[in-house]
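# Fold and contact review
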Amino acid sequence: MNDSDIHKIYNWLFLTTKNPKLIMLQFKINHNIIYAKDKLKNVNLISNDVCHLCEREKHTVKHMMLKCTYVTLFWNDFFACWAQITNEKIHLPDSVLLYGPVNLSKHNQVLSLALLVAKYFIYTCNLAEDPLLFSLFKSQFRENILTERYIAMKNKTARLFNDKWHCFIIKDFVSAI
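Here's a quick rundown of the structure. Each chain carries its own residue numbering, running from 1 in the written order of its sequence. Residue-level local features of this predicted model are given only where pLDDT is at least 70; pairs of side-chain atoms are given and counted only at 80 or more, and the full residue set underlies all totals for whole chains, interfaces and linings. Each side-chain value is derived from all of the structure's non-hydrogen atoms; neither hydrogens nor water enter the calculation.

## A closer look at the packing of helix 5 (residues 69-86) against helix 8 (residues 134-154)
As a reminder of what qualifies: An axis is simply a line fitted to the C-alpha atoms; with a helix, the fit covers only the stretch in contact. Between two such axes, the angle follows the N-to-C directions and lies from 0 to 180 degrees. Each helix corresponds to a stretch of at least 4 residues labelled H or I by DSSP, and each strand to a stretch of at least 2 residues labelled E; elements are numbered beginning at the N terminus. An angle below 35 degrees is treated as roughly parallel, one above 145 as roughly antiparallel, one from 65 to 115 as roughly perpendicular, and anything else as oblique. Note on convention: near helix rotated counterclockwise from far helix by under a right angle means a left-handed crossing. Clockwise means right-handed. Contact definition: two residues touch when any of their heavy atoms are within 4.5 Å.
In the contact formed by helix 5 and helix 8, the axes pass within 10 Å of each other and the chain directions differ by 50°. Of the possible angle classes, the one that applies to helix 5 and helix 8 is oblique. Here helix 5 runs over helix 8; the crossing is right-handed. Listed contacts from helix 8 to Phe74, Asp77, Phe78 and Cys81 of helix 5 are Phe134, Phe137 and Lys138.

Rendered as C-alpha cells:
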C-alpha cells in the first residue's frame, strides 16, 4: 500500500460521515486496535475466544466482520437489499468491505455510509453477543438516513439530500424533503 492509498482510505472516512461512532470504529479497524475475543484471551481477560454466533471459529476481527457464516449471510442480505433498491448488483472484495474506500459505484457515498453502518451494527451485535438480524440493521440504517435528512433540512440542502438518496426515496425507504 502506498502513501496515496493510505491518504485515500483516511479521507474517505471523513468525506462519508460525521458520525464519531462510525469514524472511531473504522479508525480502530484500520489500525487493528479492535479487541476481538482472540486479543482479549491473549491478555487473560476472557477464557473463551470462540465466536458466539457460529461457535466454531476463533473470534478475530476478520472473522467477526467477514468470515463468520452468520456474517456472510448478513452481507448476502445486504447486497441483495442494495441490488433491490438501486438496481445495481455489486460485489466488493474483503479488503474494501473491511477498509474501504468504495469508489466503483454511482452511489459510492451512500454505499460507503451503508457499509460503515453495517460494520458498526455487526460490531455492536458482537459486543452484546446478539444475533445479526438484518431487519434491525435496516431500521438503524434508515435512522441514519433520517438524521442526514434532518441535517439537510437545517442546512437548507434538501436538493442535495434528495439527489443523494434518490433510489431510497423512490423505494419508500425514506421520504423526500
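Now that the structure has been shown, we can carry on.
## A few points about the side chain of histidine 63
Among the structural elements, histidine 63 can be located in helix 4 (residues 61-67). Once you skip the residues sitting within four places of it in the chain, histidine 63 turns out to touch Cys51, Cys54, Glu57, Lys58, Cys68 and Val71.

## Observations concerning the environment of asparagine 108
To keep it simple, the criterion reads: When accessible area is computed with a 1.4 Å probe and restricted to protein chains, residues below 20% of their type maximum are described as buried, those above 50% as exposed, and intermediate ones as partly exposed.
Considering the arrangement of structural elements, one finds asparagine 108 in helix 7 (residues 108-128). In this structure asparagine 108 comes out as partly exposed when scored by relative accessible area, which is 30%. In this structure, the C-alpha to C-alpha distance between asparagine 108 and lysine 164, residues 56 residues apart in sequence, is 9.9 Å.

## Observations regarding the pattern of salt bridges
Applied cut-off: One side-chain nitrogen of Lys or Arg within 4 Å of one carboxyl oxygen of Asp or Glu is enough to make a salt bridge.
Within this structure, the stated rule accounts for three salt bridges. Among the ionic pairs, lysine 67 bridges to aspartate 94, the shortest N-O distance being 2.6 Å. Linking lysine 67 in helix 4 with aspartate 94 in helix 6 (residues 94-99), this pair joins segments that are 27 residues apart in sequence. The exposure class of aspartate 94 is partly exposed, given its relative accessible area of 31%. Note that glutamate 148 and lysine 164 form a salt bridge whose closest N and O atoms lie 3.0 Å from each other.

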